[in-house]
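Structural overview
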Amino acid sequence: MFLLEVKDLTKRFGGVVAVDSLSFSVSAGETVSIIGPNGAGKTTVFDLITGVHNATAGEIIFDGSNLIGKKSHQIAKAGIGRTFQLVKPLRGLSVFENVLVGAFARTGDRGEARRIADDILEFTDLSSLRDAQAEGLPIGLRKRLELARSLATGPKLILLDEVMSGLNPSESKQAIELIKRLRDERGISAVAGVEHVMQVVMSISDRVIVLNHGKKLAEGRPEEVASNPEVVAAYLGKPG
Amino acid sequence: MRSRLYLSTLAIFLLAAPFLFTARYSQHVLILVLLYVALGSAWNILGGFAGQLSLGHAAFFGIGAYSAAVIASKTALSPWWGIIAGPIVVLPIALVVGWICFRLRGPYFTLATIAAGEVVRLVALNWSELTGGAVGVVIRPSGFSGTSKVPYYYIVLVVAVATVALCQLISRSKLGYYLMAIREDQETAESIGVDTTKYKLIALAISASLTAVAGAFYANYFLFVDPTIVLPLALSVEIVLMAIVGGLGTVAGPVLGAVLLKVSSEIFRNEFAQANLLIYGALLILIILFMPDGLTGGFRRVAALFGRKPRRVSA
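Quantities reported herein were computed from a predicted structural model and do not represent experimental measurements. (Residues numbered from 1 in each chain as written. Chains lettered and ligands numbered in written order. Predicted model: local features only at pLDDT ≥ 70, side-chain atom pairs only at ≥ 80, totals over all residues.)

Attention shifts here to the overall build of chain A. When its secondary structure is counted, chain A shows nine helices and 10 strands. The C-alpha atoms of chain A give 18 Å as radius of gyration, which agrees with the globular expectation for 240 residues (18 Å, within 12%). Seen along its three principal axes, the alpha-carbon backbone of chain A occupies a region of about 60 × 40 × 35 Å. For chain A, the proportion of its 240 residues judged to be buried stands at 47%. Relative to all contacts within chain A whose residues are 6 or more apart in sequence, the contacts with residues 24 or more apart total 66%. (Helix = DSSP H or I, 4+ residues; strand = E, 2+ residues; numbered from the N terminus. Rg over C-alpha atoms; globule rule 2.2 N^0.38 Å. Buried ≥ 20, exposed ≤ 12 C-beta atoms within 10 Å, placed from the backbone. Contact = placed C-beta atoms within 7 Å.)

Structural data, given as structure tokens:
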């Protein structure tokens, strides 16, 4: 029984096929990376799963129910969290309030929501910035805040869109650590969309799916995928 | 607690105000200020908290006012029933307006609310059997009236205090945080489980109902309504000004805005005769130039200068 099962998912924008009968699955507690060059369709896949766009064809089964046709907020409530490639902090609110809004997905009670928010801030190591305005944070912390806000909703699966882009080496090391702890300490599955940074892919993924022009090019354990000649060709171009 | 002391002092002042200001004109200004406190605060729930800048709130005010007027002209009941009937009539209309306008975002939403406001004004103008058309409705007074302004003062005080208290309650609740999330980024809000359409409609429903209550009070106080008085676009703009000048999305903002703008416009009208609007305009420009986030934002920055920890009013 898979947590997430995507079957023959297709999305056309006019004449462009952004995602072309893509199928993959994610088990509970698994971290899967979707890699592929810029424009491969990673963000579109995330937008389809979270209901930002409607699929042209295909099925998305999460936790036993079909997500096709559901709205973003319903999908979030069902247990899929996400972060955005271009981070979207709630600017006028503090770090704590950003996470608090997420926590209200689980409870209407203010005290309970505050407890959840503080727990998540602790987990993501943001407690020291509790009262800072989200607007002024540097990119690394803004990405972490996005993750924290999404975690506060209590997801079973979290979709991380370009978690590493724009981070410096020490920030990406922290991010890798946090993604590992999601799985190990909280049992949350993750699908990470990563453009490059193979070191990241290697260290966090149980499995890797390679996407190119909206199609699945390869799938397997990180070291298998990294040595697949087709994958190398997609990234570096064909020899000769 | 220092804030409790401030609040008690304010409460005593508000309760004693009609006895401190015994002139009928001063009492009239007090009533107007409180009416606009209620209007600005009601608008702020939708415009400030949820960030949906409506320029059609005169419609809800007018419908509230007409509810009272029609009750008085068509039935034997007291026009005060308008305070209950107003929100009941407004609610379905607001939900239809919201259902249409919330498909649009940003300036397009604002334009659609202007259109909705104008539609309501034109309906009132042309539906003569019910509204009296351009002639309007004269309301025969019921209960106390004419002689003293004091009862009106206490009624509008209750309306204003209840509206502000509700804003304070909302600002600390799940609803308030969801509205602020919608204001900041609707896509993000959806991604963390906020049903943006539903919560925007809730904000509109509360905001429109409270505005209708204020409208019904207005009709009872002035005893006359016509479309140019209770339904003009200028009224919508004036309501928005209270909140923007005071501080969008803060509980105290519309209160401060209404006090400053209403009191100063009355003073200017008395002191500067024909030039009063010119001076009023200059005041607005100065505030917007030097306090772009409103009076509450300005005060917060001044407080920060003197080393006090800045405190967000909305949190």
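After that view of the structure, there is still more to cover.
This part takes up helix α5 (residues 139-151) of chain A. All names here are of chain A. Helix length check: α5 (13 residues) gives 18 Å between terminal C-alpha atoms against 18 Å at 1.5 Å per residue, within 8%. Among the 13 residues in α5, 11 count as buried, and that is most of the element. Within α5, the full set of buried residues consists of L141, R142, K143, R144, L145, E146, L147, A148, R149, S150 and L151. Contacts from the buried residues of α5 go to β6 (80-83), α3 (95-103), α4 (110-123), β7 (157-161) and α6 (169-186). (Expected span 1.5 Å × (residues − 1).)

Residues and elements named next belong to chain A. Taken in spatial order, the four strands line up as β2-β1-β4-β5 in an open sheet, and their pairing is antiparallel. Edge positions in the sheet fall to β2 (16-26) and β5 (65-66), since each of these pairs with one other strand and no more. When strand β4 (residues 57-62) meets β5, the two strands line up antiparallel, connected through two bridges. The residue of β5 that forms the bridge with F62 is S65. Of the strands in this sheet, β1 (4-13), β2 and β4 are in contact with helix α1 (residues 42-49), which crosses β2 at around 65°. (Pairing = 2+ DSSP bridges. Axes fitted to C-alpha atoms, helices over the stretch in contact; angles between N-to-C directions.)

Contacts between chain B and chain A engage 18 residues on the former and 22 residues on the latter. Secondary-structure elements contributing two or more residues to the side of chain B that touches chain A are α8 (174-184) and α9 (186-191) of chain B. Taken together, the residues of the side of chain B that touches chain A sort by class into seven nonpolar, four polar and seven charged. (Nonpolar A, V, L, I, M, F, W, Y, C, P; charged D, E, K, R; others polar.)

This part covers the pairing of β6(A). Residues and elements named next belong to chain A. Burial along β6 is two-sided: I80 and R82 facing one way and G81 and T83 facing the other are all buried. Relative to β7, β6 is paired through four bridges, and the arrangement is parallel. In the sheet register, I80 faces β7, and the bridge partner there is L157.

Residue and element names in this part refer to chain A. Taken in spatial order, the six strands make up an open sheet running β6-β7-β8-β3-β9-β10, and their pairing is mixed. Each edge of the open sheet is held by one strand with a lone partner, namely β6 and β10 (215-220). Each neighbouring strand pair of the sheet contributes to a mean axis angle of 15°, computed without reference to strand direction. Its contacts with the sheet place α1 against β3 (31-35), β6, β7, β8 (189-194) and β9 (207-212), and it is angled at close to 145° to β7. Sheet contacts for α5: β6 and β7; angle to β6, the most-contacted strand, approximately 165°.

What follows concerns the packing of helix α4 (residues 82-101) of chain B against helix α5 (residues 107-126) of chain B. Residue and element names in this part refer to chain B. Two numbers describe how α4 lies on α5: the axes approach to 10 Å, and their chain directions differ by 145°. Every pair of crossing elements has a handedness; the one defined by α4 and α5 is right-handed. On α5, the residues touching V97, I100 and C101 of α4 are F109, A112, T113 and A116. (Left-handed = near helix turned anticlockwise from the far one by under 90°.)

In this section: the confidence of the model for chain B. Residues and elements named next belong to chain B. Averaged over every residue, the pLDDT of chain B is 90; the share at 70 or more is 96%. Counting contacts from residues 310-315, a segment whose pLDDT is below 50, to residues more than four positions away or on other chains yields 12 contacts. Both scores are given for the predicted complex: the pTM is 0.90, the ipTM 0.90. (pLDDT = per-residue confidence, 0-100.)

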